[in-house]
Amino acid sequence: MSFGILLDDRFLAHHDTGYHPECPERLSAIRMELQDRGLWQRSRVTPGREATLDELTSNHSRAYVEAALERMQRAAGHFDADTFFSTGSREASLLAAGGTVDLVKAVIDRSLDFGLALVRPPGHHATPGRAMGFCIFNNIAIAARAALATGQVERILIYDWDVHHGNGTQDSFWGDDRVLYVSTHQWPFYPGSGLSDETGSGRGAGYTMNFPLPAGAGDDEFCFVMREAILPLAQEYHPDLILVSAGFDAHANDLLGSMRLTEDGYAAMTRVLADAAASLCKGRIAFVLEGGYHIESQARSVAAIVETMLGAQVEIPDGTPRQQHRDVIDRTRMALAHHWKSVF
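A brief structural summary. Computed from a predicted model, the values in this text were never measured in an experiment.

The secondary structure content of the protein chain amounts to 10 helices and 10 strands. Relative to the compact-globule value of 20 Å for 344 residues, the protein chain shows a C-alpha radius of gyration of 18 Å, a close match. In terms of its C-alpha atoms, the protein chain occupies a principal-axis envelope of roughly 50 × 45 × 40 Å. Burial statistics for the protein chain: of 344 residues in total, 62% are counted as buried. Taking the intrachain contacts of the protein chain between residues at least 6 apart in sequence as the baseline, contacts between residues at least 24 apart amount to 78%. Carbon and sulfur atoms make up 50% of the accessible area of the protein chain, which amounts to about 12300 Å² in all. Charge-centre separation for the protein chain: the mean point of 30 positive side chains lies 4 Å from the mean point of 44 negative side chains.

This is the structure:
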């Protein structure tokens, strides 16, 4: 199986002046784990490519893009309290966005069986008009727009399993029926968006699906959502491409969240998505790194995804979620029941 990994050492030049959980060591640990398991050697590793102004402004306002790029040419600083930039951030953010575009296009034309974009900075909090939540440009949203522009795909499913809601990606496609955005995330939590009744508007009404799960959700809860809601919805929507905002801060060991996912849970969700991609969209699927701040657990989880995509046997948990989580799932289904036959 031919699979691609996007990783560029220039991503490591994006770093804060002091301690920050979104650090270069995240990528170094992933690379080492993949190498130790013999997975790195089996991949086609590609460097980043600077996104063009047209690619960036397909998703972000021109005023924001120009201001952000100009600001990152100066000394290190912060866009907000959470979102830093250093002297290497301008190049890193451009390489991450452009490289993700190219990786996804390679998956679309089947020169790669699947793709894994190990990018920094992450992107799913970056809205069309601002940086926030460690994110500068929205890598997955920019890649989705580039994919649609090829004319080879008309419908894209973006599933975001980061512990934080991807408000930037939701905002990007709020009124667009060409992208079905689905998120499972901790609630209440940063950034404060992603309630069950946030379902899109205009042409995009019904094309946003949020599961704001209380703290403590683990493999059983996430896999229940996959089996009972996301997979039936995907089968009804029938995407031409599946993209995953793959954050790993819902892992039980991650101190930024309070969820209980394990490496086995990430592998199980990957198996469900890979099987859906095989049956619905010619296997077209790519994973784009978002958060994940327990370095060793993130590295093991990424490796579990790759091993699953390469055919490792995976057991899908079939437990029933606790009532507090089941109530959220039911609320989301009710919010979308008049849009989709498969929701109930």
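Turning our attention to the pattern of salt bridges. Evaluated as defined, the whole model comprises 24 salt bridges. Of the charged contacts in the structure, one is a salt bridge between arginine 31 and aspartate 9, with a shortest N-O distance of 2.9 Å. Within this pair, whereas arginine 31 is found in helix H1 (residues 25–36), its partner aspartate 9 is found in the loop between strand S1 (3–6) and H1, the two being separated by 22 residues in sequence. Look at the salt bridges and you will find they share partners, linking Glu228, Arg326, Asp330 and Arg333 into a network.

Taken together, the side chains of Asp220, Asp264, Glu315 and Asp318 define an acidic patch exposed on the protein surface. Position of aspartate 220 relative to the elements: it lies in helix H7 (residues 219–237).

Under the defined criterion, the tally for this structure stands at 12 aromatic pairs. Considering the side-chain rings of tyrosine 207 and tryptophan 340, the 5.3 Å spacing of their centres and the 75° angle between planes classify their relative orientation as edge-to-face. Of the two residues, tyrosine 207 is situated in the loop between strand S7 (179–186) and strand S8 (208–213) and tryptophan 340 in the segment after helix H10 (323–336); the sequence distance between them amounts to 133 residues. For tryptophan 340, a relative accessible area of 8% translates into the label buried. Each residue in the set Tyr159, Trp161, Phe248, Tyr266 and Phe287 is aromatic and connected to the rest through ring pairs, giving one cluster.

Running from N to C, H1 and helix H9 (residues 295–309) cross one another at 45°; their axes reach a closest spacing of 8 Å. Regarding the angle of H1 to H9, the classification is oblique. Read as a crossing pair, H1 and H9 show a hand that is right-handed. Contacts between H1 and H9 pair Glu25, Arg26, Ala29, Ile30, Glu33 and Leu34 from the former with Ile295, Gln298, Ala299, Arg300, Val302, Ala303 and Val306 from the latter. When grouped by side-chain class, the residues that make up the contact of H1 with H9 number 8 nonpolar, 1 polar and 4 charged.

This paragraph deals with the side chain of arginine 333. With respect to the helices and strands, arginine 333 occurs in helix H10. Of the residues examined, arginine 333 reaches a relative accessible area of 8% and is grouped as buried. Aside from chain neighbours lying at most four places away, what touches arginine 333 is Glu228, Ala229, Arg326, Val343 and Phe344.

Now for the pairing of S7. Of all 8 residues that make up S7, 8 are buried, and the element is covered over most of its length. Alternating positions in S7 separate into two faces, Val179, Tyr181, Ser183 and His185 on one and Leu180, Val182, Thr184 and Gln186 on the other, with burial throughout. Sheet topology note: the strand S6 (residues 156–160)/S7 ladder contains 5 bridges and is parallel. Each residue of the ladder has a partner; that of isoleucine 156, found in S7, is valine 179. After leaving S6, the chain enters helix H6 (residues 167–172) and then returns to the sheet as S7, a path that is right-handed. Both S7 and S8 contribute to a ladder of 6 bridges, which runs parallel. Residue serine 183 lies in a different strand from S8, and its bridge partner there is asparagine 210.

Locating isoleucine 305 in the fold gives a position in helix H9. Considered as a pair, isoleucine 305 and alanine 267 are 38 residues apart in the sequence and their alpha carbons are 5.3 Å apart.

Judged by pairing direction, the sheet is parallel, and its 8 strands sit side by side in the order S2-S1-S5-S10-S9-S6-S7-S8 without closing on themselves. Where the open sheet ends on each side, the last strands, each with one partner, are strand S2 (44–46) and S8. On average, each strand axis in the sheet is inclined to that of its neighbour by 15°, with strand direction left out of account. With 3 bridges joining them, S1 and S2 adopt parallel strand pairing. From the neighbouring strand, leucine 6 faces S2, where its bridge partner is threonine 46.

Here the focus is the side chain of threonine 308. Within the secondary structure, threonine 308 sits in helix H9. Beyond its immediate sequence surroundings of up to four residues, threonine 308 is in contact with Ala267, Thr270, Arg271 and Val314.

A separate point is the pairing of S1. Burial along S1 is two-sided: the face carrying Phe3 and Ile5 and the face carrying Gly4 and Leu6 are both buried. Pairing between S1 and strand S5 (residues 114–117): 4 bridges, direction parallel. By the bridge assignment for S5, glycine 4 is matched with glycine 115. Taken together, S1, H1 and S2 constitute a β-α-β crossover, and its handedness is right-handed.

Thresholds applied
Residues numbered from 1 in each chain as written. Predicted model: local features only at pLDDT ≥ 70, side-chain atom pairs only at ≥ 80, totals over all residues. Heavy atoms only, no water. Helix = DSSP H or I, 4+ residues; strand = E, 2+ residues; numbered from the N terminus. Rg over C-alpha atoms; globule rule 2.2 N^0.38 Å. Buried < 20%, exposed > 50% of the residue type's maximum accessible area, 1.4 Å probe, protein only. Contact = heavy atoms within 4.5 Å. Areas by Shrake-Rupley, 256 points an atom, 1.4 Å probe, with all protein chains shown as cover. Lys, Arg positive; Asp, Glu negative; His and termini not counted. Charge placed at Lys NZ, Arg CZ, Asp CG, Glu CD. Salt bridge = Lys/Arg side-chain N within 4 Å of Asp/Glu carboxyl O. Patch = residues over 30% accessible without salt bridge, like charges linked within 9 Å, V, L, I, M, F, W, Y side chains within 5 Å. Phe/Tyr/Trp six-rings, centres within 6.5 Å; stacked < 30°, edge-to-face > 60°. Axes fitted to C-alpha atoms, helices over the stretch in contact; angles between N-to-C directions. Parallel < 35°, antiparallel > 145°, perpendicular 65-115°, else oblique. Left-handed = near helix turned anticlockwise from the far one by under 90°. Nonpolar A, V, L, I, M, F, W, Y, C, P; charged D, E, K, R; others polar. Pairing = 2+ DSSP bridges. Right-handed = clockwise from strand over helix to strand, strands pointing away.

Without other data, these values stay purely geometric and don't point to any function.
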